[in-house]
Amino acid sequence: MMVMKDSHFRHLVGKRIKHYRELLRLSQQDLADLAALNRSYIGGVERGERNLGIDNLHKIATGLGIETWKLLKEDETD
């Protein structure tokens, strides 16, 4: 099993969030509103700058209408 650096994992999760957000044609503000979070927080998460907690990960997944585990996958396919 390969161990990822923390920053790599944050970037991976951020990339997945952005992927699903763009599939739904949502702006960062739209997702922030759906997840009851701040737009700048969503941007920081997508860029891998924020170390988000499990509760906020779940809020984002709920805002995207997907299961939380999908944001933790390493590949781009569903």
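Residues numbered from 1 in each chain as written. Predicted model: local features only at pLDDT ≥ 70, side-chain atom pairs only at ≥ 80, totals over all residues. Heavy atoms only, no water.

Asker: Got a sec to walk through the overall build of the chain? Specific residues and values, please.
Answerer: Helix and strand content of the chain: four helices and zero strands. When burial is assessed residue by residue, the chain has 38% of its 78 residues classed as buried. Of the contacts formed within the chain by residues at least 6 apart in sequence, a portion of 56% connects residues at least 24 apart. Within the structure as shown, the chain displays about 5100 Å² of accessible surface, and the carbon and sulfur contribution to it stands at 52%. (Helix = DSSP H or I, 4+ residues; strand = E, 2+ residues; numbered from the N terminus. Buried < 20%, exposed > 50% of the residue type's maximum accessible area, 1.4 Å probe, protein only. Contact = heavy atoms within 4.5 Å. Areas by Shrake-Rupley, 256 points an atom, 1.4 Å probe, with all protein chains shown as cover.)

Asker: Give me the lowdown on the pattern of salt bridges, citing residues and values where you can.
Answerer: For the coordinates displayed, the defined rule picks out two salt bridges. Residue R21 is joined to E46 by a salt bridge in which the shortest nitrogen-to-oxygen separation is 2.6 Å. Within this pair, whereas R21 is found in helix α1 (residues 6–23), its partner E46 is found in helix α3 (residues 39–46), the two being separated by 25 residues in sequence. The exposure class assigned to R21 is buried, which follows from its relative accessible area of 8%. Linking R47 and E49 is a salt bridge whose minimum nitrogen-to-oxygen distance equals 3.1 Å. The exposure class assigned to R47 is partly exposed, which follows from its relative accessible area of 45%. (Salt bridge = Lys/Arg side-chain N within 4 Å of Asp/Glu carboxyl O.)

Asker: Outline the layout of surface pockets, listing residues and values.
Answerer: Put simply, the largest pocket is a space of about 170 Å³. Lining the largest pocket are 10 residues, and of these F9, R10, V13, N51 and L52 lie nearest its centre. Of the residues that constitute the lining of the largest pocket, the class distribution is six nonpolar, two polar and two charged. (1 Å grid on protein atoms, 1.4 Å probe; cavity = no way out; pocket = protein on both sides within 12 Å on 5 of 7 lines; lining within 4 Å. Points joined across faces, edges and corners; volume = space filled by probe spheres on them. Nonpolar A, V, L, I, M, F, W, Y, C, P; charged D, E, K, R; others polar.)

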